[in-house]
Amino acid sequence: MNFQQLKIIRESARCNYNLTEVSNMLFTSQSGVSRHIRELEDELGVEIFIRRGKRLLGLTEPGKELLAVAERILNEAQNIRRLADIFSKEDAGVLTIATTHTQARYSLPRVIKAFRAVYPAVRLELHQGSPQEVLAMLLSGQADVAIASEKLISDPSVASFPYYRWHHAILVPDGHPLLEQQPLTLEHLNQYSLVTYRQGITGRSRVDSAFEQQGLNPDIVLSAQDSDVIKTYVELGLGVGILADKAFDPDRDRGLQLINAEHLFESNTVWLGLKRAQLQRNYVWRFIELCNQSLSINEIKEKVFKQPQTGTDAVIDYQI
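Residues numbered from 1 in each chain as written. Predicted model: local features only at pLDDT ≥ 70, side-chain atom pairs only at ≥ 80, totals over all residues. Heavy atoms only, no water.

Q: What am I meant to see in the sheet that holds strand S9 (residues 219-224) here?
A: Pairing between the strands of a sheet is mediated by backbone hydrogen bonds and can be parallel or antiparallel. Pairing within the open sheet is mixed, and its five strands lie in the order S9-S8-S10-S7-S11. A single partner strand is all that each edge strand has here, and the edge strands are S9 and strand S11 (256-260). Each adjacent strand pair in this sheet contributes to an overall mean axis angle of 30 degrees, direction not counted. Across the sheet, helix H9 (residues 227-235) touches strand S7 (168-173), strand S8 (193-197), S9, strand S10 (240-244) and S11, and the angle it forms with S10 is around 160 degrees. (Pairing = 2+ DSSP bridges. Helix = DSSP H or I, 4+ residues; strand = E, 2+ residues; numbered from the N terminus. Axes fitted to C-alpha atoms, helices over the stretch in contact; angles between N-to-C directions. Contact = heavy atoms within 4.5 Å.)

This is the structure:
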């Protein structure tokens, strides 16, 4: 038995048993993945996967038990590697943050500036992606901290902390007729072409749900990855924008006006995520505290090292 075999078991579950994706994640060949699985099953004397022909469909009961053990072993191995750095370089190193464009562009600069003042020797890396990609980077060990939407609170292996709440707002050019509509309604918006976020990011589902509940079918002419693109096309007159209120800066976004839409769409929460039961350098705890100053480092650690649901102390897990 070896670490590569255990990694294959873990990645198979994460990749929905697609061996091509598993081999890509582990930088190996699909035939090598299959060989490791056969060798491990031969050594243990049990079948780990449910199969249909050459396809893997899921884990057998022994396979499910093995997955839990593999997670603990791999996590402990990673923390052994972390120990020396944690105790020898408490104020230096690399902090890798996975987040969405909106957070990287609008909410994090203030926090990062404060963090750099406290830890000038720590190098920061920002990886941007969708909420799904942000979660995957945290779980795979590519990021120390994840910052995204409610996606982070849906995974039991992540300890999540609220960052801040935000609302969608309406963006229009100066002099637009919607500035005279009081109160603004979805029916008013439905008369115009709309520019907003693409599916799966920045609360788009709440926008769609609000129109659907009113029996409206909005004309969304452009769906964008980030707020800056939305603003660009509103400036060009392509349509009325629906974007995060946090993304508007009256000093920079001259020629545009923001209309409050808290009464039209449900609020959204941005979450901070850390891997459960994973040791961290001191500056990681401090970064979370700087994002949400109502939290203390002790409170953050307590939640990270508690098992989900039961609330009992966790065996320290360390993720590779």
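Q: I keep staring at the layout of surface pockets and nothing clicks. Help me out?
A: Rolled over the atoms, a probe sized like a water molecule indicates the empty space that remains. What the second largest pocket holds in volume is close to 360 Å³. Lining the second largest pocket are 16 residues, with Leu-19, Ser-34, Lys-54, Arg-55 and Leu-56 positioned closest to its centre. Elements represented by at least two residues in the lining of the second largest pocket include exactly helix H2 (19-25), helix H3 (30-44) and strand S2 (55-59). Per element, the largest residue contribution to the lining of the second largest pocket is five residues, and it comes from H3. When grouped by side-chain class, the residues that make up the lining of the second largest pocket number five nonpolar, six polar and five charged. (1 Å grid on protein atoms, 1.4 Å probe; cavity = no way out; pocket = protein on both sides within 12 Å on 5 of 7 lines; lining within 4 Å. Points joined across faces, edges and corners; volume = space filled by probe spheres on them. Nonpolar A, V, L, I, M, F, W, Y, C, P; charged D, E, K, R; others polar.)

Q: Can you walk me through unusual backbone geometry in this structure?
A: With the exception of glycine, the majority of residues adopt a negative phi angle, and the majority of peptide bonds are in the trans configuration. The amide bond that connects Gln-182 to the next residue, Pro-183, takes the cis arrangement and shows omega of -5 degrees. Inspection of the secondary structure puts Pro-183 in the loop between S7 and helix H7 (186-189). Unusually for a residue other than glycine, Asn-16 sits at a positive phi of about 55 degrees. Relative to the elements of secondary structure, Asn-16 occurs in the loop between helix H1 (3-14) and H2. Residue classification places Asn-16 among the exposed positions, given a relative accessible area of 63%. Its identity as a non-glycine residue notwithstanding, Phe-27 has a phi of 55 degrees, on the positive side. Locating Phe-27 in the fold gives a position in the loop between H2 and H3. (Buried < 20%, exposed > 50% of the residue type's maximum accessible area, 1.4 Å probe, protein only.)

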